[in-house]
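Structural characterization, general
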Amino acid sequence: MTPRQSSGRRLVPAYLATGGRAQPSRNTLDRLTLLHSVGMPITSEVRPEEHRILELLQPGALSLAEVAAHLHLPVSVVKVLVADLVDAGRLHARVPIPEAEQFDRQILERVLDGLRSLKS
């Protein structure tokens, strides 16, 4: 966890975790983007914040917003860190499916019922 003062404020500003960068290297990341580790061993070249992200994802996938909440870091900071990990091949990021491309369950159930009635 990031060091905090007794008042709950950070001792080190969050932007230092990104080396002062405010924009991720990819603009496809969203707070609902699902992240999962590729299983590479964590080496000493990984920064502490990135190390914590990789540890969080060992048991399974989490959304970018969930990772940010666990780390007590702003989503914008986690986006930069995650983009670096994806670029390094240490993480996979799956963009959420847009609502327009999702299937309506009721329509699929009606189609299935119709197909069953044709079979009878």
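Parameters at a glance
Residues numbered from 1 in each chain as written. Predicted model: local features only at pLDDT ≥ 70, side-chain atom pairs only at ≥ 80, totals over all residues. Heavy atoms only, no water. Salt bridge = Lys/Arg side-chain N within 4 Å of Asp/Glu carboxyl O. Helix = DSSP H or I, 4+ residues; strand = E, 2+ residues; numbered from the N terminus. Buried < 20%, exposed > 50% of the residue type's maximum accessible area, 1.4 Å probe, protein only. Axes fitted to C-alpha atoms, helices over the stretch in contact; angles between N-to-C directions. Parallel < 35°, antiparallel > 145°, perpendicular 65-115°, else oblique. Left-handed = near helix turned anticlockwise from the far one by under 90°. Contact = heavy atoms within 4.5 Å. Nonpolar A, V, L, I, M, F, W, Y, C, P; charged D, E, K, R; others polar.

With an unreviewed UniProt entry as reference, the protein chain is termed DUF742 domain-containing protein, source organism Streptomyces angustmyceticus.

Attention shifts here to the pattern of salt bridges. Applying the stated criterion across every chain, the model contains five salt bridges. The partner of E45 in a salt bridge is R90, and the shortest N-O contact between them spans 3.3 Å. With a gap of 45 residues between them, E45 in the loop between β1 (34–37) and α1 (48–56) and R90 in the loop between α3 (75–87) and β3 (91–94) connect regions that are remote in the sequence. Residue classification places R90 among the buried residues on the basis of a relative accessible area of 7%. Salt-bridge contacts for R116 lead to D113; the nearest nitrogen and oxygen are separated by 3.8 Å. With R116 and D113 both in helix α4 (residues 105–119) and three residues apart, the pair spans about one turn of that helix.

Looking now at unusual backbone geometry. Although it is not a glycine, H72 sits at a positive phi angle of roughly 55 degrees. Mapped onto the elements of the fold, H72 is located in the loop between α2 (64–71) and α3.

Moving on, we get to the packing of α2 against α3. Where α2 meets α3, the closest approach of the two axes is 9 Å, and the angle between their N-to-C directions is 110 degrees. Classified by the angle their axes make, α2 and α3 are roughly perpendicular. In this structure, the crossing between α2 and α3 has a hand that is right-handed. Taken together, the residues of α3 that come into contact with α2 (itself represented by L64, V67 and A68) are V75, V78, K79 and V82. Among the residues making up the contact of α2 with α3, the classes are represented as six nonpolar, no polar and one charged.

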